[in-house]
Amino acid sequence: MGRPRAFDEDEAVRAAVGLFGGRAYDGVSVDDLVTHLGVHRNSLYKVFGSKRGLYLAALRRHLADDVRPLLDALAGASDAAEALRLVTSADLGLLLLAAIERSPADEEVASEVTAALAAVDRAIADALGVPADLATALTAAALGILLRGNPDNAARALARHLDPLP
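All figures in this text were calculated on a predicted structure; none of them were measured in a lab. (Residues numbered from 1 in each chain as written. Predicted model: local features only at pLDDT ≥ 70, side-chain atom pairs only at ≥ 80, totals over all residues. Heavy atoms only, no water.)

Q: Mind showing me how you'd approach the overall build of the protein here?
A: When you go through the protein residue by residue, the secondary structure sums to 9 helices and 0 strands. Listed by position from the N terminus, the elements making up the protein come as α-α-α-α-α-α-α-α-α. Across its three principal directions, the C-alpha atoms of the protein cover 65 × 25 × 25 Å. The buried share of the protein, taken over its 166 residues, is 40%. When contacts within the protein are restricted to residue pairs at least 6 apart in sequence, those whose partners lie at least 24 apart make up 66%. (Helix = DSSP H or I, 4+ residues; strand = E, 2+ residues; numbered from the N terminus. Buried < 20%, exposed > 50% of the residue type's maximum accessible area, 1.4 Å probe, protein only. Contact = heavy atoms within 4.5 Å.)

Q: Looking at this model, I keep getting lost on helix H1 (residues 9-23). Mind explaining?
A: An α-helical turn contains 3.6 residues, so any two residues separated by three or four positions project in the same direction. Here H1 spans 21 Å end to end across 15 residues, near enough to the 21 Å set by a 1.5 Å rise per residue. Those residues of H1 lying buried are Ala12, Val13, Ala16, Val17, Leu19 and Phe20. Summarising the contacts, the buried residues of H1 are in contact with helix H2 (30-37), helix H3 (41-48), helix H4 (51-74) and helix H6 (93-102). Two or three places before Asp10, at the opening of H1, Asp8 has a side-chain oxygen 2.8 Å from that residue's backbone nitrogen. A positive backbone phi angle near 75° is found at Ala24, which sits one or two residues after H1. (Expected span 1.5 Å × (residues − 1). Polar contact = N/O pair within 3.5 Å; in protein donor to acceptor, adjacent residues only side chain to side chain.)

Structure below.
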């Protein structure tokens, strides 16, 4: 009979979200995971199978804990400026890094990212009653603002021009 697990899997996944969201997949080594998560290397491999397995668990947790609440908030957006503010103020670091770094090389990550972004597009389209392509453009603008940094100023500047939209 094996030893009982000496770490909380849920806490390890939550900590991995922060680590991967701050440094990206390629910026985090297995040694970093062992050190920052307080998990023994053998335990990490036994529970998650690999660094990639932990990454996928962290990405899915991020989608559940950070993207899902954004979708719920977007459902109540009264206009495009508010939708933009909600997206640019959300913690989407791991989603953005996954889209840029891992999606091109990993079909499973690409599928998760594509589904999450499509859900954001749908939430905006439904809340504002705008066509899907306009909602996609608003999502792209918001994510671009996040990537460029200083989201508050850029979002306010864009929001001023969105006043005519619902």
